[in-house]
Amino acid sequence: MIASSLLRSLRRLPSSSSSAPLRLLILRRNPSAPHPLLPRTKTLLPPLSSSLFFSTATTDSSETPTLGGGGGGGGGGVGRVAPVIPEDAVEPVSYRHTDAYAAIELALDSVVKVFTVSSSPNYFLPWQNKSQRESMGSGFVLPGRRILTNAHVVADHTFVLVRKHGSPTKYKAEVQAIGHECDLALLTVESEEFWDGMNFLELGDIPFLQEAVAVVGYPQGGDNISVTKGVVSRVEPTQYVHGATQLMAIQIDAAINPGNSGGPAIMGDKVAGVAFQNLSGAENIGYIIPVPVIKHFIGGVEEKGKYVGFCSLGLSCQPTENIQLREHFNMRPDMTGVLVNKVNPLSDAHKVLKKNDIVLAFDGVPIANDGTVPFRNRERITFDHLVSMKKPGETAIIKVLRDGVEHEFTILLRPLQPLVPVHQFDKLPSYYIFAGLVFVPLTQPYLHEYGEDWYNSSPRRLCERALRELPKKAGEQLVILSQVLMDDINAGYERLSELQVKKVNGVEVENLKHLCGLVENCGEESLRFDLDDERVIVLNYQNARLATSRILRRHRISSAMSSDLIEESSAMSSDLIEEQATNGKVEAEVACSS
């Protein structure tokens, strides 16, 4: 559904370096970067810096900024000068600055600065983290003493602080819920002092085209609150780079710079969205998360107590704009719809829909040949939006054309997990080490360790599988041999890294937990691993177990397996002990009765 936009590049505004505080964009590798053929973004998230250059940076005094002006480094401060308008002139809507001033007054006691200390995992060395990083963003207060911000502001956090406008004090905050797909997070602050004088903002509606919005936050170029003004240019599903998902977003022409992440876009006296990313190579094209996505996130947290995700039909569809294609599938001239190419085996749609079905309507809304549905006044939007706004567990009525006959099916909707996870924020990577062989599940963050150009520099076969393969059953993982920690026991196998592990002693590997169990419970003298390309690794099991301890000590690795595998192994051991105790009790009762 992305055509010419593929030639352009979305970016999340990244962290900026304190050595060049006024530079608009300073790129850093994004560990959650999407497929390179999809729009790339940067975060609106500059790092916290103790350097005076950050808080005292100034712009060229010869320049006279205008209200809601362009893409300068400061992002538009409170003190920006509006154009002079004659008293007898009728002020055009675009020059009215009362909305911006009203937004300032509204935001002073609502918008906060968020300071985050984070530490991301090292997927090449999954038993350790990368160095600590400090960054900052924005957030605003909602009813119920909660602060809404972006997920990428607090991703992989170890410590979070917030500061009110006009206050020198920072208060400790806790992350209540976080949704990486929609790039939103809720924070809570226990301190009663923090909430004194704070006002909450109310959520509004989706703005119409050319409606004015004011973006409030703490971008780079200064330490005080900043307001930029712009108008709504477009409303449509857009690539959310942090979560690599396609959800509705609002495009605006207000300057959105690093540090604006999580700040509100205010329309009138209500919030129209949350600033989160901009378009690379273009001036003043920013994106905000609209209210329906925000309400979906917050509603799920309030109802379930945690983030519940966004639903998916699990379909890969093709437009039917070609008349010969429509005739081939027996579509009448008055029929419109999209062609089903693939159905995710884990989706509920897999039970009723088939390849080559034509999806005609979703919940009674006709789907056009290009996959869009009507939206507001003469606007159109992809029907994926209707799916994503459904709550997990809700049903939808799907009208399809199959072999020239129309059918209606009721399908249960729920979030679906890909075979290869797109992101792994806020959790430690899984790994298992045996005889110096390091086994990990394939994830996109693992491939991102190959650098910004990971699509071309990572192993081609692994990359293709990560982007295209669908899971065949629940819990399935692609387990790979990521590296070999050299020792006498594994000499000669060092060139077999980066290959998928297919079998262990003839048993097909389902996931990393399964591989770990097959190895740990091996009762044979030899242990055999079958890999991609028909490669084979054979080890003497007892010698390999002894070598494992030696290799772990040499590389200062505290455990041969990640904490999640240790917990699962302990749980399995407890169940086994309980089962043995139960069997022993039964045998004793049988003996007594006899």
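Please read all numbers here as calculations on a predicted model, not as lab measurements.

## Some thoughts on the overall build of the chain
Then comes step 1: Along the chain, the regular secondary structure elements total 13 helices and 29 strands.
Then comes step 2: Each of the 594 residues in the chain was classed as buried or not, and the buried ones make up 50%.
Then comes step 3: If you take every contact in the chain between residues at least 6 apart in sequence, the share linking residues at least 24 apart comes to 67%.
Then comes step 4: Of the roughly 28000 Å² of accessible surface on the chain, 50% is carried by carbon and sulfur atoms.

## Structural notes on helix 10 (residues 460-468)
Every α-helix carries 3.6 residues per turn, so stepping three or four residues along brings you back to the same face.
Then comes step 1: Among the residues of helix 10, those classed as buried are Leu462, Cys463, Arg465 and Ala466. Looking straight down helix 10, one finds its buried side chains confined to an arc of 165 degrees; they lie on one side.
Then comes step 2: Contacts made by the buried residues of helix 10 are with helix 8 (444-448), helix 9 (454-457), strand 25 (479-484) and strand 26 (499-504).

## Some details on empty space enclosed by the protein
Then comes step 1: Taken as a whole and assessed by the stated rule, the structure comprises 3 cavities of 30 Å³ or more.
Then comes step 2: Approximately 60 Å³ is the volume found for the largest cavity.
Then comes step 3: Every residue lining the largest cavity is listed: Tyr123, Pro126, Gln424, Pro429, Ser430, Val440, Pro441, Thr443 and Tyr446.
Then comes step 4: Classifying every residue of the lining of the largest cavity gives 6 nonpolar, 3 polar and no charged.

## Here we look at the sheet that holds strand 7 (residues 174-179)
Then comes step 1: The strand order across the open sheet built from 7 strands is 6-5-2-3-4-8-7, with neighbouring strands paired in antiparallel fashion. Two strands bound the open sheet, and with one partner strand each, they are strand 6 (170-172) and strand 7. Adjacent strand axes in the sheet meet at a mean angle of 35 degrees when their direction is disregarded.
Then comes step 2: As judged from the 5 bridges shared by strand 7 and strand 8 (residues 184-188), these two strands associate in the antiparallel manner. Within the sheet, the bridge partner assigned to Gly179 lies in strand 8 and is Leu184.

## Observations regarding the packing of aromatic side chains
The geometry of an aromatic ring pair is captured by the separation of the ring centres together with the interplanar angle, meaning the angle of the planes.
Then comes step 1: For the coordinates displayed, the defined rule picks out 12 aromatic pairs.
Then comes step 2: With 4.7 Å between their ring centres and 40 degrees between their planes, Tyr240 and Phe276 make a pair best called tilted. With Tyr240 in strand 10 (residues 226-240) and Phe276 in strand 13 (residues 270-280), this residue pair connects regions lying 36 residues apart in the sequence.
Then comes step 3: Note on Tyr240: relative accessible area 1%, which makes it buried.
Then comes step 4: Taken together, the aromatic side chains of Phe124, Tyr446 and Tyr450 make up a single cluster linked through ring pairs.
Then comes step 5: The aromatic ring of Phe115 is capped on one face by Lys170, whose charged end is 4.1 Å from the ring centroid.
Then comes step 6: Above the plane of the ring of Tyr455 lies Arg460, whose end atom (NZ or CZ) is 4.8 Å from the centre.

## Description of helix 5 (residues 291-304)
Then comes step 1: The end-to-end C-alpha distance of helix 5, which contains 14 residues, comes to 20 Å, matching closely the 20 Å that a straight helix rising 1.5 Å per residue would cover.
Then comes step 2: By the burial criterion, the buried members of helix 5 are Val291, Val293, Ile294, His296, Phe297, Ile298, Gly300 and Val301.

## Quick notes on the pairing of strand 8
Then comes step 1: Taking burial as the measure, the 5 residues of strand 8 include 4 buried ones, the bulk of the element.
Then comes step 2: Note that strand 4 (residues 146-149) and strand 8 share 3 bridges and pair antiparallel. When the bridges of strand 8 are listed, Ile147 appears paired with Leu187.
Then comes step 3: Hairpin connection between strand 7 and strand 8: a loop of 4 residues separates the two successive antiparallel strands, and Asp183 in this loop has a positive phi of roughly 55 degrees.

## Here we look at the pattern of salt bridges
Then comes step 1: Under the criterion given, the structure shown has 27 salt bridges.
Then comes step 2: Across the salt bridge formed by Glu406 and Arg332, the nearest N and O atoms sit 3.3 Å from each other. On the criterion of sequence distance, the pair formed by Glu406 in strand 22 (residues 405-412) and Arg332 in the loop between helix 6 (323-328) and strand 16 (338-343) is long-range, its members being 74 residues apart.
Then comes step 3: The exposure class assigned to Glu406 is partly exposed, which follows from its relative accessible area of 32%.
Then comes step 4: With a closest N to O distance of 3.6 Å, Glu520 and Arg545 form a salt bridge.

## Focus: the pairing of strand 29 (residues 536-540)
Then comes step 1: Judged by which residues are buried, strand 29 turns out to be one-sided: Ile537 and Leu539 face inward and are buried, whereas Val536, Val538 and Asn540, on the alternate face, are not.
Then comes step 2: Here strand 28 (residues 526-531) runs beside strand 29; their pairing, made up of 5 bridges, is antiparallel. Within strand 29, the residue paired with Leu527 across the bridge is Leu539.
Then comes step 3: In sequence, strand 28 turns back onto strand 29 through a hairpin of 4 residues, with Asp533 there showing a positive phi of about 60 degrees.

## A look at the nonpolar core
What tends to happen in soluble globular proteins is that the nonpolar side chains get buried as a cluster.
Then comes step 1: Counting 71 residues, the largest nonpolar core has Leu148, Ile252, Phe297 and Phe362 as its most contacted members.
Then comes step 2: When residues of this core are assigned to their parent elements, the largest contribution, 6 residues, is made by strand 13.
Then comes step 3: Looking at which domains feed residues into this core, each of domain 1 (99-302) and domain 2 (313-411) gives three or more.
Then comes step 4: Setting aside anything within four residues of it in sequence, one finds Ile252 in contact with Val213, Val215, Val231, Val232, Ser233, Asn284, Ile285, Gly286 and Ile288.
Then comes step 5: Ala435, Phe439, Val479 and Leu531 belong to the second-largest nonpolar core, a separate cluster that totals 28 residues.

## Topic: the environment of His423
Then comes step 1: Position of His423 among the secondary structure elements: in the loop between strand 22 and strand 23 (432-434).
Then comes step 2: For the pair formed by His423 and Tyr446, sequence separation is 23 residues and the distance between their alpha carbons is 9.4 Å.
Then comes step 3: For His423, the residues in contact, after removing those within four places along its chain, are His180, Glu181, His242, Gly243 and Pro445.
Then comes step 4: Polar side-chain contacts of His423 include one of 3.4 Å to the side chain of Glu181.

## Re the side chain of Ser562
Then comes step 1: As for its placement among the helices and strands, Ser562 is situated in the loop between helix 12 (541-554) and helix 13 (563-593).
Then comes step 2: By relative accessible area, Ser562 is classed as buried at 3%.
Then comes step 3: For Ser562, the residues in contact, after removing those within four places along its chain, are Pro429, Ser430 and Tyr431.

## Topic: the environment of Phe140
Then comes step 1: Along the chain, Phe140 falls in strand 3 (residues 133-142).
Then comes step 2: When the C-alpha atoms of Phe140 and Leu187 are compared, they prove to be 9.8 Å apart, with 47 residues separating the residues in sequence.
Then comes step 3: Those residues within four positions of Phe140 in sequence are excluded, and the remaining contacts are Ser110, Val111, Arg146, Ile147, Leu148, Leu201, Gly262, Gly263, Pro264, Val271 and Val274.

## Observations regarding the confidence of the model for the chain
Then comes step 1: Predicted confidence across the chain gives a mean pLDDT of 81, with 78% of residues reaching 70 or more.
Then comes step 2: Note that pLDDT drops below 50 for residues 1-9; the model gives that stretch 14 contacts with residues more than four away or on any other chain.
Then comes step 3: Segment residues 573-594 is flagged for pLDDT under 50; beyond a separation of four residues in sequence, or across chains, it makes 0 contacts in the model.

## Points about the environment of Pro421
Then comes step 1: Among the secondary structure elements, Pro421 is positioned in the loop between strand 22 and strand 23.
Then comes step 2: Here Pro421 is in contact with Leu442, Thr443, Gln444 and Pro445, once residues within four sequence places are set aside.

Conventions adopted
Residues numbered from 1 in each chain as written. Predicted model: local features only at pLDDT ≥ 70, side-chain atom pairs only at ≥ 80, totals over all residues. Heavy atoms only, no water. Helix = DSSP H or I, 4+ residues; strand = E, 2+ residues; numbered from the N terminus. Buried < 20%, exposed > 50% of the residue type's maximum accessible area, 1.4 Å probe, protein only. Contact = heavy atoms within 4.5 Å. Areas by Shrake-Rupley, 256 points an atom, 1.4 Å probe, with all protein chains shown as cover. Arc of directions from axis to C-beta. 1 Å grid on protein atoms, 1.4 Å probe; cavity = no way out; pocket = protein on both sides within 12 Å on 5 of 7 lines; lining within 4 Å. Points joined across faces, edges and corners; volume = space filled by probe spheres on them. Nonpolar A, V, L, I, M, F, W, Y, C, P; charged D, E, K, R; others polar. Pairing = 2+ DSSP bridges. Axes fitted to C-alpha atoms, helices over the stretch in contact; angles between N-to-C directions. Phe/Tyr/Trp six-rings, centres within 6.5 Å; stacked < 30°, edge-to-face > 60°. Lys NZ or Arg CZ within 6 Å of the ring centre and 35° of its normal. Expected span 1.5 Å × (residues − 1). Salt bridge = Lys/Arg side-chain N within 4 Å of Asp/Glu carboxyl O. Core = buried A, V, L, I, M, F, W, Y, C linked by side-chain atoms within 4.5 Å. Domains from an automatic or database assignment. Polar contact = N/O pair within 3.5 Å; in protein donor to acceptor, adjacent residues only side chain to side chain. pLDDT = per-residue confidence, 0-100.

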